[in-house]
Amino acid sequence: MSGNEGIIRAFIEAWSRLDPVELAGYFAEDGVYHNMPTGPVAGRANVEKFIRGFTASWTETTWDVIHIVSSGDVVIAERLDRTRAGAKGADLPCVGVFELEDGKIKIWRDYFDLATYAKGMA
């Protein structure tokens with residue numbers, strides 16, 4: 001396992017703690033988080049604010065890694081994100097493409113069906 005793959009595995013595991021400060025800490029200062037169904041968010045402070053906003057109602061999340069591959073500064077992780085907000089919940093298939101620089105996430109593009117998430121959390 002490459003160092004970058006280990007960083008992304010730790011990042012994925014960290015989501016279960018639902019700590020926006022910890023999660024944003026994995027990003028470069030000018031890092032970008034782009035949920036592909038929506039627009040990109042740039043800058044660590046903005047990423048933290050974005051994560052805090054959409055996870056505010058979450059009571060639990062566990063991300064299962066199905067496949068993970070890495071080459072140099074790129075890590076691709078296929079996941080099943082299991083998220084609960086009280087009695088509501090969604091099991092969301094995702095693929096994340098991570099570009100790292102100096103041990104930090106420079107760009108994260110996450111591909112998923114927004115309707116699957118919205119339906120589970122409605």
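Reference entry: report on the structure contained in this document. (Residues numbered from 1 in each chain as written. Predicted model: local features only at pLDDT ≥ 70, side-chain atom pairs only at ≥ 80, totals over all residues. Heavy atoms only, no water.)

### A word on the overall build of the chain
- Tallying secondary structure elements over the chain gives four helices and six strands in all.
- Walking the chain from its N terminus toward its C terminus, one meets helices and strands in the order α-α-β-β-α-β-β-β-β-α.
- Its C-alpha atoms give the chain a radius of gyration of 14 Å, within 12% of the compact-globule value 14 Å for 122 residues.
- Expressed as lengths along the three principal axes of its C-alpha atoms, the size of the chain is roughly 40 × 30 × 25 Å. (Helix = DSSP H or I, 4+ residues; strand = E, 2+ residues; numbered from the N terminus. Rg over C-alpha atoms; globule rule 2.2 N^0.38 Å.)

### Topic: the packing of aromatic side chains
- In this structure the tally under the stated criterion is 19 aromatic pairs.
- Ring centres of Phe11 and Phe27 lie 5.9 Å apart, and the angle between their planes is 80°; this geometry places the pair in the edge-to-face category. In this pair, Phe11 sits in helix 1 (residues 3-14) while Phe27 sits in strand 1 (residues 27-35), placing the two residues 16 residues apart along the sequence. Note on accessibility: Phe11 and Phe27 belong to one class, buried.
- The interplanar angle of 15° and the centroid separation of 4.5 Å between the aromatic rings of Trp15 and Trp63 together place this pair among those described as stacked. Taken as a pair, Trp15 in the loop between helix 1 and helix 2 (20-24) and Trp63 in strand 3 (residues 60-71) lie far apart in primary sequence, 48 residues in all. Trp63 shares its class with Trp15; the two are buried.
- Members of the aromatic cluster, each reached through a chain of ring pairs, are Phe11, Trp15, Tyr26, Phe27, Tyr33, Phe50, Phe54, Trp58, Trp63, Phe98, Trp108 and Tyr117. (Phe/Tyr/Trp six-rings, centres within 6.5 Å; stacked < 30°, edge-to-face > 60°. Buried < 20%, exposed > 50% of the residue type's maximum accessible area, 1.4 Å probe, protein only.)

### Examining the sheet that holds strand 4 (residues 74-85)
- Read across the sheet, six strands follow the order 2-1-6-5-4-3 without closing on themselves; strand pairing throughout is mixed. At either end of the open sheet lies a strand with only one pairing partner, and these are strand 2 (40-42) and strand 3. Recorded for the sheet is a direction-independent mean angle of 20° between the axes of neighbouring strands.
- One ladder, built from five bridges, connects strand 1 with strand 6 (residues 104-111); its direction is parallel. Looking at strand 6, one finds that His34 is bridged to Arg109.
- Here helix 1 sits on the sheet and contacts strand 1, strand 3, strand 4, strand 5 (88-101) and strand 6; the angle it forms with strand 3, its principal contact strand, is near 170°.
- Sheet contacts for helix 4 (residues 114-121): strand 4 and strand 5; angle to strand 5, the most-contacted strand, approximately 140°. (Pairing = 2+ DSSP bridges. Axes fitted to C-alpha atoms, helices over the stretch in contact; angles between N-to-C directions. Contact = heavy atoms within 4.5 Å.)

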